[in-house]
Amino acid sequence: MSGFQSPRGLRDIREPDASAFAWAEEHAWSAALAAGYARIQLPVAEDSALFERAIGGTSDVVTKELYRLAVRSEESTPLALRPEVTAGVVRAYLQHGMRSEPQPVRLVTVAELFRHDRPQKGRYRQFTQFDIEAIGDAGSGIDIEVIELGTAYLRSVGLRDIEVHLNSVGCPTCRPGYLVVLAKHFAAVADRLSPVDQARLEENPLRLLDSKDEVAVAHAKGAPRFVEHLCADCAEHDRAVREGLSITGVTVVDAPHLVRGLDYYTKTAWEFLLPGEQGQQGALGGGGRYDGLVELLGGPATPGVGFAIGIDRVVLALQERGLAPAPQRPPAVVVCGIEPGSVGMRIAIASELRAAGVSARADVSTRKIGKQLESAVRDTAIAVIIVEPDGSLSLRDLAAGSQAEPGARAMVVSAAAQLARTQGGQ
Ligand code: HAM
C-alpha cells in the first residue's frame with residue numbers, strides 16, 4: 001500500500017455502493033426528464049463572489065464550508081468549488097439569456113458538490129445532489145409540481161414513507177415584521193445564548209431557529225410562527241401550495257420553525273424527511289422558492305423554485321432498509337480458449353456478443369482451460385464459449401453442466417446469446 005489515503009471526508013465509492021449510486025442517479029435523471037426538465041451540466045468551480053452573494057455572507061456554507069481555490073495570478077478572479085447548484089444555475093440562466101425562452105425554464109442536474117463540513121455519517125465533504133430548478137414562474141402551481149416531483153422520486157426508489165416538512169419564510173414585505181417579533185422572543189434569553197447565537201440575534205434572528213445550541217433550541221420551541229405573520233400575498237401562496245399538495249397525495253407536515261441554511265429563500269421552504277431517522281441523516285433533501293435571487297445576481301426580478309436531494313443520503317437510507325439494488329451482475333458469457341494464440345479471437349467474439357446486447361468478457365489469459373473455466377464459474381457466468389485449437393467453438397451451459405459438440409462460430413455465438421437471454425443474464 002502506498003502512504004497515500006483519500007483526503008478526510010472525500011470517499012472512494014466502490015461496490016456495492018457504486019451500483020446503488022448509479023441506480024439512484026439514473027432514476028433521478030429519468031424522473032426529471034420525463035417531467036420536461038432539460039439537462040444542464042455546470043462547472044465545478046465558480047467565482048467565490050457568486051456563492052457569497054447568493055447563499056449569504058453569514059451562512060455556514062459560506063463562512064465555514066466554502067473550498068476556496070488559490071488565486072493563480074493577480075488578474076484572476078477568486079474561485080471556489082461549488083457547495084450547491086442553485087447559484088450556478090441562476091448564473092447560467094442569466095449568462096445564456098434563458099429569459100427569452102418560454103418560462104419557466106425547467107432544469108435538472110446531478111452534480112458533485114463540496115462543503116468543508118465536519119465529516120460524519122450522511123455528511124461528507126464531497127457529495128452528490130439531484131437538483132431541480134424552475135425559473136420564471138411566480139405561481140403556486142410550480143411549487144406543487146416541484147415538491148410532488150421530489151416526493152415521487154423518493155417513493156419510486158423505495159422510500160415510500162417520505163414526508164415533506166413545509167413552511168413559508170415570507171418575502172421582503174413581511175419578513176422584517178417577523179424578524180422583529182422573533183428577535184424580541186429570543187432577546188429574553190440573550191445573555192444565556194452562545195456567542196454565535198448572540199451574533200445571529202443581531203444579524204439574522206431567523207438562523208436562531210436552526211441553531212443546535214441547547215438554549216436556542218429550548219427557546220425556539222415557543223417561538224412565534226412565521227405563518228401567523230405572513231403578508232396577504234405570501235399567506236395566499238402558502239394556502240394554495242398546501243391545498244394543491246393535499247390533492248397530489250404528498251404527505252405534508254407543518255413545520256412552523258423550518259428555516260433553511262441558505263439565505264435566498266422566500267415563501268415556500270421545505271425538507272424531504274424520513275421519519276424516525278436521527279439528526280441530519282433523515283434530511284434527504286430540501287428546497288424552496290427564491291424570488292429575489294435572479295435580481296440579487298444582477299438580473300431582472302424573476303421568481304424561481306427548486307430542490308436538491310442528497311444522493312449519498314438516499315443510498316444510505318436504501319442500504320439501511322435493505323432496499324439497495326444488487327450490484328451489476330458479472331458478464332453472462334465468458335469466452336475462453338485452449339490455445340494461447342486464440343486470445344484475439346476470444347476478444348472478437350466477446351465484442352460481437354456485446355454488440356448483440358449480451359454482456360460478455362473474454363478470458364485474456366494464457367492459463368490452462370480448467371483454470372479459465374473455474375474463474376468463469378466464480379464469476380457466476382451463465383455460459384462459456386471455448387475456442388478449440390481448430391478454431392471451432394464449443395458452448396458450455398454452466399447451470400446444466402453440459403457441453404455441446406464444437407460447431408461453427410455464428411451458430412455457437414447465437415446459441416450462447418440465446419442461453420444468456422433465457423436464463424435472465426441480461
Ligand atoms: P441543502 O439543504 O443545503 O440545499 O442541501 C440539500 C441536500 O443535500 C441535503 O438535504 C442533503 O441531503 C444533501 N447534503 C447537503 N450537505 C451534505 C453533505 N455535507 N453531505 C452529504 N449530503 C449533503 C441546497 O443545496 C439547495 N441548493 C437546494 C435548492 C435547490 N434550493 C432551491 N433549489
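A quick note: this is a predicted structure, and the numbers were derived from the prediction, not measured.

(A) Structural view of helix H13 (residues 369–378). Turning to H13, its buried residues are Gln-372, Leu-373, Ser-375 and Ala-376. Projected down its long axis, H13 shows its buried positions confined to an angular sector of 160 degrees, all on one face. Relative to its buried face, H13 has exposed residues pointing more than 90 degrees away, namely Val-377 and Arg-378. Directly after H13, the chain includes Thr-380, whose backbone phi takes a positive value near 55 degrees.

(B) Highlighting helix H11 (residues 311–320). Of all the ten residues making up H11, eight are buried; the element is thus mostly covered by neighbouring parts of the structure. Of the positions making up H11, those classed as buried are Ile-311, Asp-312, Arg-313, Val-314, Val-315, Leu-316, Ala-317 and Leu-318. In this structure, the buried side of H11 is in contact with helix H1 (17–34), strand S5 (126–135), helix H5 (140–156), strand S9 (283–289) and strand S10 (304–310). Positive backbone phi, approximately 70 degrees, marks Gly-322, located one or two places after H11.

(C) Expanded view of the nonpolar core. Counting residues in each nonpolar core, the largest one holds 54 residues, and the members touching the most others are Ile-55, Phe-186 and Leu-209. Elements supplying a minimum of two residues to this core: helix H2 (48–55), helix H3 (60–63), helix H4 (86–95), strand S4 (105–114), S5, helix H6 (175–187), helix H8 (214–220) and helix H10 (293–296). Beyond its immediate sequence surroundings of up to four residues, Phe-186 is in contact with Leu-193, Leu-201, Leu-208, Leu-209, Ala-216, His-219, Ala-220 and Ala-223. Counting 39 residues, the second largest nonpolar core, distinct from the first, contains Val-146, Val-157, Val-164 and Val-315.

(D) How the structure looks around the pattern of salt bridges. Under the defined criterion, the tally for this structure stands at 24 salt bridges. The salt bridge involving Lys-64 is made with Asp-60; its shortest N-O contact spans 3.5 Å. Lys-64 gets classed as exposed once you look at its relative accessible area, which sits at 54%. Residue class for Asp-60 comes out partly exposed when judged on its relative accessible area of 30%. Among the ionic pairs, Arg-321 bridges to Asp-161, the shortest N-O distance being 2.9 Å. With Arg-321 in the loop between H11 and strand S11 (333–337) and Asp-161 in the loop between H5 and strand S6 (163–168), this residue pair connects regions lying 160 residues apart in the sequence. With a relative accessible area of 33%, Arg-321 lands in the partly exposed category. What makes Asp-161 partly exposed here is its relative accessible area of 33%. A single network of salt bridges, built from pairs that share partners, joins Arg-225, Glu-228, Asp-238, Arg-242 and Asp-254.

(E) Quick peek at the layout of surface pockets. Taken as a whole, the second largest pocket holds about 290 Å³ of empty space. Residue lining of the second largest pocket: Cys-171, Pro-172, Arg-175, Asp-263, Tyr-264, Tyr-265, Thr-266, Lys-267, Asp-291, Gly-292, Leu-293 and Leu-296, and that is the complete set. Those elements that place two or more of their residues in the lining of the second largest pocket are strand S8 (266–273) and H10. Of the residues contributing to the lining of the second largest pocket, the split by class is six nonpolar, two polar and four charged.

(F) Representation of the packing of H1 against H5 within the structure. Running from amino to carboxyl end, H1 crosses H5 at an angle of 145 degrees, the nearest separation of the two axes being 10 Å. Here the hand of the crossing between H1 and H5 comes out right-handed. Contact residues: H1 offers Ala-24, His-27, Ala-28 and Ala-31, while H5 offers Leu-149, Tyr-153 and Ser-156. Across the contact of H1 with H5, the residue classes break down as five nonpolar, two polar and no charged.

(G) The arrangement of the site of the ligand in detail. Looking at the ligand, there are 26 residues lining it, with Glu-84, Tyr-124, Glu-133, Arg-260 and Tyr-265 nearest. Between the ligand and the protein, one listed contact pairs a nitrogen atom with a side-chain N or O atom of Tyr-265 at 2.6 Å. Separating a nitrogen atom of the ligand from a backbone N or O atom of Gly-306 is a distance of 3.4 Å. Coverage of the ligand by the protein chains reaches 94% of its 660 Å² of free accessible surface. Of all the secondary structure elements, the ones that give two or more residues to the shell around the ligand are S5, S9 and S10. Per-element tally for the shell around the ligand: the top contributor is S9, with six residues. For the shell around the ligand, the per-class residue count stands at ten nonpolar, nine polar and seven charged.

What counts and how
Residues numbered from 1 in each chain as written. Predicted model: local features only at pLDDT ≥ 70, side-chain atom pairs only at ≥ 80, totals over all residues. Heavy atoms only, no water. Buried < 20%, exposed > 50% of the residue type's maximum accessible area, 1.4 Å probe, protein only. Helix = DSSP H or I, 4+ residues; strand = E, 2+ residues; numbered from the N terminus. Arc of directions from axis to C-beta. Contact = heavy atoms within 4.5 Å. Core = buried A, V, L, I, M, F, W, Y, C linked by side-chain atoms within 4.5 Å. Salt bridge = Lys/Arg side-chain N within 4 Å of Asp/Glu carboxyl O. 1 Å grid on protein atoms, 1.4 Å probe; cavity = no way out; pocket = protein on both sides within 12 Å on 5 of 7 lines; lining within 4 Å. Points joined across faces, edges and corners; volume = space filled by probe spheres on them. Nonpolar A, V, L, I, M, F, W, Y, C, P; charged D, E, K, R; others polar. Axes fitted to C-alpha atoms, helices over the stretch in contact; angles between N-to-C directions. Left-handed = near helix turned anticlockwise from the far one by under 90°. Near = heavy atom within 4 Å. Polar contact = N/O pair within 3.5 Å; in protein donor to acceptor, adjacent residues only side chain to side chain. Areas by Shrake-Rupley, 256 points an atom, 1.4 Å probe, with all protein chains shown as cover.

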